[in-house]
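The lines below spell out each chain.
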Amino acid sequence: MAISPSTEKAGAILEVDLAALAANYEILKQRAAGAECAAVVKADAYGLGADRVGPVLAAAGCRTFFAAHLSEGIALRQALGGQASIYILNGILPGTEGDFRAHDLRPVLNSLAQLDLWQGAAALHLDTGMNRLGLSPDDAAALAAAPERLGNIDLRFVVSHLACADEAGHKMNELQRRLFDRLRAALPAKPASLGNSSGIFLGSDYHYDLVRPGVALYGGNPMPGAANPMREVVRLRGRIIQLREIDTPQSVGYGATHRATGPRRIATVPVGYADGYLRSLSGQGMGRLAGVSVPIVGRVSMDLITLDVTEAPIEAAQAGALVDLIGGGGEGVDDVAARAGTIGYEILTSLGRRYHRRYLGAETTQDE
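Here the structure is a predicted model, which means the values were calculated and not measured.

A.B. asks: It is not clear to me how the overall build of the protein should be interpreted in this structure. Could you clarify?
C.D. replies: In terms of helices and strands, the protein carries 11 helices and 21 strands. Scaling as 2.2 N^0.38, a compact globule of 368 residues should have a C-alpha radius of gyration of about 21 Å, and the protein matches this with 23 Å. If one aligns the C-alpha atoms of the protein with their principal axes, the spans along those axes are about 75 × 40 × 35 Å. Sorting the 368 residues of the protein into buried and exposed places 50% on the buried side. A separation threshold of at least 6 residues defines the contact pool for the protein, and within that pool the share at least 24 residues apart is 63%. Surface accessibility of the protein: about 15900 Å² in total, with carbon and sulfur atoms responsible for 50%. Side-chain charges of the protein comprise 35 positive and 39 negative groups, with the mean position of each set lying 1 Å from the other.

A.B. asks: Explanation requested: the pairing of strand 16 (residues 286-289) in the structure shown.
C.D. replies: Moving residue by residue along a regular strand, the side chains alternate between the two faces of the sheet. Because side chains alternate across strand 16, one face comprises the buried residues Gly287 and Leu289, and the other comprises Met286 and Arg288, none of which is buried. In this sheet, strand 17 (residues 292-295) lies alongside strand 16 in antiparallel orientation, the contact comprising 4 bridges. Along strand 17, the bridge assignment pairs Arg288 with Ser293. Counting the residues between successive antiparallel strands, the hairpin from strand 16 to strand 17 contains 2 residues, one of them, Ala290, with a positive phi of roughly 55 degrees.

A.B. asks: What's the story with the side chain of Asp324 in this structure? I'm lost.
C.D. replies: Checked against the element boundaries, Asp324 lands in strand 19 (residues 322-326). On the basis of relative accessibility, which here comes to 10%, the residue Asp324 falls in the buried class. A distance of 2.7 Å separates a polar atom in the side chain of Asp324 from a polar atom in the side chain of Arg235. In this structure Asp324 touches Arg235, Leu236, Arg237, Met286, Gly287 and Arg288, once residues within four positions along its chain are discounted.

A.B. asks: Can you walk me through the pairing of strand 4 (residues 64-67) in this structure?
C.D. replies: Neither face of strand 4 is open: one carries Thr64 and Phe66, the other Phe65 and Ala67, and all of them are buried. Pairing analysis gives 2 bridges linking strand 3 (residues 39-40) to strand 4, with the strands arranged parallel. Within strand 4, the residue paired with Ala39 across the bridge is Phe65. Across 4 bridges, the pairing between strand 4 and strand 5 (residues 85-88) is parallel. Residue pairing for strand 5: Phe65 is matched across the bridge by Ile86. Between strand 4 and its parallel partner strand 5, the chain crosses via helix 4 (residues 70-80), and the hand of that crossover is right-handed.

Criteria and thresholds
- Residues numbered from 1 in each chain as written.
- Predicted model: local features only at pLDDT ≥ 70, side-chain atom pairs only at ≥ 80, totals over all residues.
- Heavy atoms only, no water.
- Helix = DSSP H or I, 4+ residues; strand = E, 2+ residues; numbered from the N terminus.
- Rg over C-alpha atoms; globule rule 2.2 N^0.38 Å.
- Buried < 20%, exposed > 50% of the residue type's maximum accessible area, 1.4 Å probe, protein only.
- Contact = heavy atoms within 4.5 Å.
- Areas by Shrake-Rupley, 256 points an atom, 1.4 Å probe, with all protein chains shown as cover.
- Lys, Arg positive; Asp, Glu negative; His and termini not counted.
- Charge placed at Lys NZ, Arg CZ, Asp CG, Glu CD.
- Pairing = 2+ DSSP bridges.
- Polar contact = N/O pair within 3.5 Å; in protein donor to acceptor, adjacent residues only side chain to side chain.
- Right-handed = clockwise from strand over helix to strand, strands pointing away.

Laid out in C-alpha cells, this is it:
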C-alpha cells in the first residue's frame with residue numbers, strides 16, 4: 001500500500017474515524033439480533049485501508065471477514081494474525097490451493113468445479129437471482145443429488161446475495177429469500193447467510209446465522225430515503241491554494257462552462273478526478289467553508305476544483321484554509337454520490353492516495 005503524503009505536502013486531508021467504525025459495527029451487531037455479525041472489507045475496506053480497519057473491527061468483536069480477491073485475503077491475514085476466519089468471495093482458481101492453505105483462507109465456492117477443486121473449510125454460494133457468482137438452481141439440484149461431492153468440504157456456511165435489499169419493498173427480496181430456503185433444504189443442514197448491509201434492515205427473516213455488512217460499516221446509508229442510522233466515518237477536506245476575483249463575462253475552468261454574472265470570489269483546491277472526486281461533480285458538487293455552502297463551479301479537472309466562496313466570510317476564505325468536501329457537517333458520502341449520479345460505494349472506493357490520511361480512534365490519532 002502506498003504511503004500518503006504528509007500534511008504539509010498534501011492538498012487535502014482524509015480523516016477516517018475508527019471509533020465511528022467500531023460504533024457502526026456495534027449498531028449492526030445489535031440490529032442483527034443474535035446472528036453473528038461479520039465484516040466485508042473488500043476493495044481495501046471500501047478504500048479506507050483494510051490494514052487499519054480490520055484490526056479495529058477485530059477488537060470490536062468481529063471474528064469473520066470477507067474479502068473479494070485472494071491477494072486481499074493474504075494482506076488481511078497479515079493485518080489480523082491468526083485468530084479471524086477470512087473468506088474469499090470470488091472463490092478459488094486452479095493452482096491457488098496452496099496459497100489459500102498457506103494463509104489460512106477459506107474460499108466461497110461459486111461453482112461445482114470450484115467445489116471439486118477444494119478440500120477443507122469453505123462457504124458455499126447459492127445464486128438466488130443475481131446471475132453473477134454461485135451455484136445456479138440446477139447446479140444446486142445436481143449437488144443435492146450427489147452429496148458425496150461435499151465429502152472433502154468442511155462446509156461452514158451456505159450463502160447467497162440480495163440484489164435489491166436497498167429497496168425494502170422490492171418483491172425480489174422475498175423471492176430470493178424463499179428460493180434460498182428451498183435450495184438449502186435439499187442440502188446438508190448448515191448455518192446460513194443472506195443479509196448484507198441493507199438486508200440487515202429488512203428484518204429478522206433475513207438475518208439467519210450470519211450477516212455480512214459492508215458499506216454501512218463505513219457510514220453509508222443502508223436505508224436510502226430514510227435517516228441514516230450509521231455514524232459518519234469519512235471526512236475529506238481540501239486546502240485552498242489560490243483565490244481569484246472575477247466579474248462578468250469571465251469564465252472558469254475547461255470548456256468555459258461556468259460564466260460569472262457579477263463579482264465573484266473563486267477558490268482553487270487541489271482535488272480532482274485523479275483523487276476520486278468525480279468529474280460528474282462538475283457544476284454539481286458542494287463544499288462547506290466556515291459553515292457556508294460553497295458550490296463547485298466549472299469542470300472538475302484531473303488535479304483541481306474551483307469553488308465559488310463569495311458568500312463565505314472573507315476572513316475564512318483565505319489561502320491555506322480547508323474546505324469540507326465530504327462530511328464534517330457538510331454533505332455525507334451518500335449526498336456527494338447523489339450529486340455525482342452514482343452511489344456511495346463508488347465515492348468511497350475511489351478515494352485517492354494523494355490525500356494525507358489521518359486515522360482517528362477512541363484513544364489515539366494516527367497519521368499515515
